[in-house]
Amino acid sequence: MRTVLLSCLLCCVVLNLKAQTNWYTDSLQAFRNRYINTHEVVTGEDRQKLQFYPIDHNYAVPAQFERIVDAPWFNMPTSGTISKAFRVYGILRFTLQGQTLRLHVYQSKNLMNDPQYANYLFIPFTDKTNGEVTYEVGRYIDLSTEEIGSDDFRLDFNKAYNPYCAYISNKYNCPVPPKENELAVEIKAGEQKWNGGH
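Turning our eyes to something else, we now look at the overall build of the protein. Helix and strand content of the protein: 2 helices and 7 strands. Ordered by position in the sequence, the α and β elements of the protein form the string α-β-β-β-β-β-β-α-β. Expressed as a percentage of its 198 residues, the buried residues of the protein come to 40%. Partitioning the intrachain contacts of the protein with sequence separation of at least 6 by distance along the chain shows that 65% fall at a separation of at least 24. Looking at the protein as shown, the accessible area adds up to about 11700 Å², and 52% of this sits on carbon and sulfur atoms.

Structure below.
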């Protein structure tokens, strides 16, 4: 009798985990579809050329957030001639591939004055895949002030995407990831290098 009960409990746990995994994969696929279908630079049939790593829940990692209050504004260099004003909003600490890592989270001075983007936060980063499988300059992750403060917040690299400069050269002023956001691991998640031509 006890063996039957344990087997039933184990079966329930496995089914629950499978359901959670399926929900996560479906939600990320929906996120990815929206990204592709609403891309402002890559349009029409070229959107089919956007490439991504397979969705991997191992790259959605629990992260501890440390708020940095009233950090000074600074000009973040861009790929163009115009720098953009940001400040450090906080620091995320997490463990990935057995390493303790951290990323600085930035707030845009310009966007915070726009009601539509007042809660917008930004993580530009580089990792060991840059130049090989992913865009050589780095990738971005968007966040909001609401989600980053939650107790169960996960930093999801499956949502990493390319700056516009990855598709068209010498047109946009894309922030260049600061040295402090260089990750000494391979992030095999999110968007890959654009191979559709500039």
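So, next bit.
Here we take up unusual backbone geometry. One non-glycine residue, Q97, lies in positive phi territory at about 55°. Summarising the element assignment, Q97 is placed in the loop between β3 (84–96) and β4 (99–108). Although it is not a glycine, N170 adopts a positive phi angle of roughly 60°. Within the fold, N170 resides in the segment after β7 (154–156).

Definitions and cut-offs
- Residues numbered from 1 in each chain as written.
- Predicted model: local features only at pLDDT ≥ 70, side-chain atom pairs only at ≥ 80, totals over all residues.
- Heavy atoms only, no water.
- Helix = DSSP H or I, 4+ residues; strand = E, 2+ residues; numbered from the N terminus.
- Buried < 20%, exposed > 50% of the residue type's maximum accessible area, 1.4 Å probe, protein only.
- Contact = heavy atoms within 4.5 Å.
- Areas by Shrake-Rupley, 256 points an atom, 1.4 Å probe, with all protein chains shown as cover.

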